[in-house]
Amino acid sequence: MMGRGRTRKVEKGVLGGNSSGGLSSGSGSLTVPAGPVFYPSEEEFKDPLEYIYKIRPEAEPYGICKIVPPKSWKPPFALDMDLFTFPTKLQAIHQLQARSAPCDPKTFRLEYNRFLEEHCGKKAKKRVVFEGEDLDLCKLFNAVKRFGWYDNVVKLKKWGEVFRFVRPGSKISECSKHVLSQLYCVKRRRKNKEGERVEVHKREEEELDQICEQCRSGLHGEVMLLCDRCNKGWHIYCLSPPLKRIPPGNWYCLECLNSEKDTFGFVPGKQFPLEAFRRMADRIKKKWFGSAATSWVQLEKKFWEIVEGSVGEVEVMYGSDLDTSVYGSGFPRQIDERPPSVEVDVWNEYSASPWNLNNLPRLQGSMLRTVHQNIAGVMVPWLYIGMLFSSFCWHFEDHCLYSMNYLHWGEPKCWYSVPGNEAHAFEKVMRSCLPDLFEAQPDLLFQLVTMLNPSVLQERGVPVYSIIQEPGNFVITFPRSYHGGFNLGLNCAEAVNFAPADWLPHGGFGAELYRHYHRVPVLSHEELLYVVAKVQRHPSSLFLFPLCSLAS
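Scope of this entry: the structure provided in the associated data block. No experiment lies behind these values; they were computed from the predicted model shown.

## Points about the pattern of salt bridges
One pass over the structure, following the stated rule, counts 16 salt bridges. Residue Lys-46 pairs with Glu-43 through a salt bridge whose shortest N-O separation is 3.0 Å. Residue Arg-278 pairs with Asp-282 through a salt bridge whose shortest N-O separation is 2.7 Å. Residue Arg-278 and its partner Asp-282 are both found in helix H9 (residues 274-289); the two are separated by four residues, about one turn of the helix.

Below, the structure is given as structure tokens:
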């Protein structure tokens with residue numbers, strides 16, 4: 001079969017020659033099956049969109065696939081590695097999963113005092129000391145919430161995990177777990193003067209009128225919605241768009257939702273010449289594993305131990321999301337100066353190649369040909385300089401686009417993927433496992449700062465697949481496919497988006513997501529649809545595949 005004649009669904013050698021082809025889970029109890037790998041012939045490799053269109057029925061159910069080019073594909077690396085300098089981001093790998101939700105201490109203290117006055121008839125102490133240091137009650141509260149509240153933490157003996165949130169990197173003892181559980185408990189009754197236990201009721205005079213921030217009226221308090229972070233109120237009919245009823249769970253106003261205060265993210269790091277970054281990457285790898293050869297299994301196992309908070313604090317640098325219009329592309333471009341070591345014919349051949357990521361978004365057959373802005377990461381590739389454990393967290397692409405990633409050189413990348421048709425199941429598990437993070441940031445999965453062990457997803461029935469990408473390999477992710485992973489060492493990759501005709505319905509869903517979360521879209525889907533429809537009424541060479549391919 002054309003395009004599928006040399007496919008292997010189980011790749012020999014994944015994670016150091018593991019014959020099952022799967023990644024071992026962080027717990028060592030599960031394996032992640034490998035995604036499909038395709039080997040196009042010279043003829044098939046001439047047109048990337050046509051080839052992806054042909055392999056899509058087999059590849060899309062995995063959400064991801066790897067394409068190994070013919071042996072003749074050997075693009076020169078276009079950047080001067082002696083002069084290349086780039087900015088980095090600092091990634092706290094130990095906090096990608098095992099971190100507390102962002103919390104405003106003043107708001108938490110206010111709510112905590114209200115609770116104590118209502119249930120215990122007293123105010124909180126100014127300081128609560130645990131093991132000689134002030135205890136962050138907000139962290140304690142969110143940690144217990146993460147593991148299913150107090151009864152569940154007691155039943156499943158999760159006080160050790162709670163301790164890691166409150167005192168990361170400290171030694172856990174049975175005594176410390178017991179003390180922490182006692183500090184969390186609050187007596188819900190108190191004694192009256194006669195020594196009898198009585199219920200405590202909230203005093204009516206403590207209740208204050210709430211003013212709507214939009215209409216400035218204090219009427220209709222029964223439909224007043226209070227922000228769980230800033231405590232400001234809005235009538236549900238004053239919101240934009242208005243709500244029909246008070247929503248369940250925590251609710252945050254638009255100002256707090258878009259605020260970056262107290263939120264977790266990757267902070268800007270130093271500017272590095274490539275050689276200095278390489279030396280740092282080598283030191284970090286030797287620190288963890290010495291000079292001995294290390295299998296991919298060992299690297300992956302250690303990564304998830306760090307993510308789950310059982311190793312201590314681990315920070316690495318990542319040169320991520322580097323705009324190639326600013327820092328340069330790893331692929332040859334006609335606008336760049338040709339290195340003397342590269343022949344003119346070779347430079348011209350790879351500058352014009354459809355597999356050159358600088359050309360991919362605007363190929364015949366791509367709906368993005370209608371987009372005239374040079375949007376970084378979408379229309380213009382991003383470059384990535386990674387080191388051991390540097391990570392790209394669970395997400396799917398902007399506007400549910402396809403993505404193509406090419407590894408120029410270096411150590412492999414480890415990818416995980418959940419198929420697009422399982423996106424809802426994935427999100428449900430993420431919310432149930434990290435409820436505090438999602439309540440604080442409902443749009444958490446847009447932030448690209450959160451990981452969850454694939455074994456947890458598998459245990460809850462969500463299919464997960466893995467890919468090991470080696471130098472010279474392309475990795476394709478499909479619309480709405482959640483994917484994430486990490487680097488197994490120093491490497492350089494480049495990525496961009498693309499959109500064949502079958503993407504259009506997914507793009508409509510993506511536009512609705514931006515509206516739902518009040519986020520600014522990367523491009524106008526409505527304008528794109530208008531231009532595509534206009535072109536279909538006046539056929540030209542703009543598109544390779546007819547829109548009837550949407551039904552395929």
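Next comes the rest of the account.
## Things to note about the side chain of Asp-502
Relative to the elements of secondary structure, Asp-502 occurs in the loop between strand E22 (491-498) and helix H16 (504-516). With relative accessibility at 6%, the residue Asp-502 sits in the buried group. One polar contact links Asp-502 to Tyr-402, side chain to side chain, over a distance of 2.4 Å.

## Quick word on empty space enclosed by the protein
Inspection of every chain in the model, using the stated rule, returns one cavity of 30 Å³ or more. In this structure, the largest cavity spans a volume of roughly 40 Å³. If you go around the largest cavity, the residues you meet are Leu-49, Ile-52, Tyr-53, Arg-56, Tyr-402, Pro-500 and Asp-502. The biggest single contributor to the lining of the largest cavity is helix H2 (residues 48-59), with four residues. Class assignment of the residues belonging to the lining of the largest cavity gives a composition of five nonpolar, no polar and two charged.

## Description of the nonpolar core
Residues Ile-385, Phe-389, Trp-394, Phe-426 and Leu-457 are the most contacted members of the largest nonpolar core, which totals 62 residues. The element best represented in this core is H9, accounting for seven residues. Setting aside residues no more than four positions away along its own chain, Phe-389 makes contact with Gln-91, Ile-93, Trp-288, Phe-289, Leu-299, Lys-302, Phe-303, Ile-306, Val-316, Phe-486 and Asn-487. Counting residues in hydrophobic clusters, the runner-up holds 38 residues, among them Phe-38, Tyr-51, Ile-55 and Leu-368.

## Notes on the environment of Tyr-482
Along the chain, Tyr-482 turns up in strand E21 (residues 482-487). Taking relative accessible area as the criterion, Tyr-482 reaches 3% and is therefore assigned buried. Distance from Tyr-482 to Tyr-416, taken between C-alpha atoms, is 8.3 Å for residues 66 residues apart in sequence. When residues no more than four places from it in sequence are discounted, the contact partners of Tyr-482 are Trp-394, His-395, Phe-396, Tyr-416, Ser-417, Val-418, Ala-423, Phe-426, Glu-427 and Leu-445.

## So, unusual backbone geometry
If a residue is not glycine, its phi is most likely negative; likewise, a peptide bond is most likely trans. Located in the positive-phi region is Asp-321, a residue other than glycine, with phi close to 55 degrees. One can find Asp-321 in strand E14 (residues 315-323). Exposure remark for Asp-321: the relative accessible area of 31% places this residue in the partly exposed category. Unlike most non-glycine residues, Cys-400 shows phi in positive territory, near 60 degrees. Its place among the elements puts Cys-400 in the loop between strand E16 (391-395) and strand E17 (402-410).

## Comments concerning the packing of aromatic side chains
Summed over all chains, the structure comprises 27 aromatic pairs. Between Tyr-402 and Phe-498 the ring centres are 5.0 Å apart and the planes differ by 35 degrees, which places this aromatic pair in the tilted class. One end of the pair, Tyr-402, is in strand E17; the other, Phe-498, is in strand E22, and 96 residues separate them in sequence. The exposure class assigned to Tyr-402 is buried, which follows from its relative accessible area of 0%. Taken together, Trp-288, Phe-303, Trp-304, Phe-389, Trp-394, Phe-396, Tyr-416, Phe-426, Tyr-482 and Phe-486 form an aromatic cluster joined through their ring pairs.

## Some thoughts on the sheet that holds strand E19 (residues 465-469)
In spatial order, the strands read E16-E21-E18-E19; together these four strands make up an open sheet with antiparallel pairing. Of all the strands in the sheet, just E16 and E19 have a single pairing partner and so form its edges. Within this sheet the neighbouring strands show an average axis-to-axis angle of 15 degrees, counted without direction. Two elements, strand E18 (residues 413-418) and E21, share six bridges in a ladder whose sense is antiparallel. Paired with Val-418 across the strands is Tyr-482, a residue of E21. Strands in contact with helix H10 (residues 296-307) are E16, E18, E19 and E21; relative to E21, the strand with the most contacts, it is inclined by about 110 degrees. Packing against the sheet, helix H13 (residues 423-433) makes contact with E16, E18 and E21, and its axis sits at approximately 65 degrees to E21.

## Re the packing of helix H6 (residues 159-166) against helix H7 (residues 174-184)
Relative to each other, H6 and H7 sit at 80 degrees, their axes nearing to 9 Å. Considering the angle they form, H6 stands roughly perpendicular to H7. On H7, the residues that touch Trp-159, Gly-160, Val-162, Phe-163 and Val-166 of H6 are Ser-176, Lys-177, Leu-180, Ser-181 and Tyr-184. Counted by class, the contact of H6 with H7 contains six nonpolar, three polar and one charged residues.

## Considerations on the side chain of Asn-358
On the secondary structure map, Asn-358 appears in the loop between helix H12 (344-352) and strand E15 (382-386). Here the side chain of Asn-358 touches Asn-356 through a polar contact of 2.8 Å, side chain to side chain. In this structure Asn-358 touches Thr-324, Ser-329, Phe-331, Arg-333, Pro-381 and Glu-494, once residues within four positions along its chain are discounted.

## Some words on the pairing of E16
Here is the key point about a regular strand: its side chains alternate between the two faces of the sheet. By the criterion of burial, E16 is predominantly enclosed, with five of the five residues buried. Bridging between E16 and E21 involves three bridges; their strand directions are antiparallel. Within E21, the position partnered with His-395 by the bridge is His-483.

## What about the environment of Pro-435?
Tracing the sequence through the fold places Pro-435 in helix H14 (residues 435-440). In the structure, Pro-435 is positioned 290 residues away from Lys-145 in sequence and 7.4 Å away in space, judged by C-alpha atoms. When near neighbours in sequence (up to four residues on either side) are disregarded, Pro-435 contacts Lys-145 and Arg-146.

## Concerning the environment of Gly-218
By the element assignment, Gly-218 lies in the loop between strand E10 (197-198) and strand E11 (224-226). Distance in space between the C-alpha atoms of Gly-218 and Trp-234 is 9.6 Å, their sequence separation being 16 residues. What Gly-218 contacts, discounting residues up to four positions off in sequence, is Gln-210 and Ile-211.

Conventions and cut-offs
- Residues numbered from 1 in each chain as written.
- Predicted model: local features only at pLDDT ≥ 70, side-chain atom pairs only at ≥ 80, totals over all residues.
- Heavy atoms only, no water.
- Salt bridge = Lys/Arg side-chain N within 4 Å of Asp/Glu carboxyl O.
- Helix = DSSP H or I, 4+ residues; strand = E, 2+ residues; numbered from the N terminus.
- Buried < 20%, exposed > 50% of the residue type's maximum accessible area, 1.4 Å probe, protein only.
- Polar contact = N/O pair within 3.5 Å; in protein donor to acceptor, adjacent residues only side chain to side chain.
- 1 Å grid on protein atoms, 1.4 Å probe; cavity = no way out; pocket = protein on both sides within 12 Å on 5 of 7 lines; lining within 4 Å.
- Points joined across faces, edges and corners; volume = space filled by probe spheres on them.
- Nonpolar A, V, L, I, M, F, W, Y, C, P; charged D, E, K, R; others polar.
- Core = buried A, V, L, I, M, F, W, Y, C linked by side-chain atoms within 4.5 Å.
- Contact = heavy atoms within 4.5 Å.
- Phe/Tyr/Trp six-rings, centres within 6.5 Å; stacked < 30°, edge-to-face > 60°.
- Pairing = 2+ DSSP bridges.
- Axes fitted to C-alpha atoms, helices over the stretch in contact; angles between N-to-C directions.
- Parallel < 35°, antiparallel > 145°, perpendicular 65-115°, else oblique.

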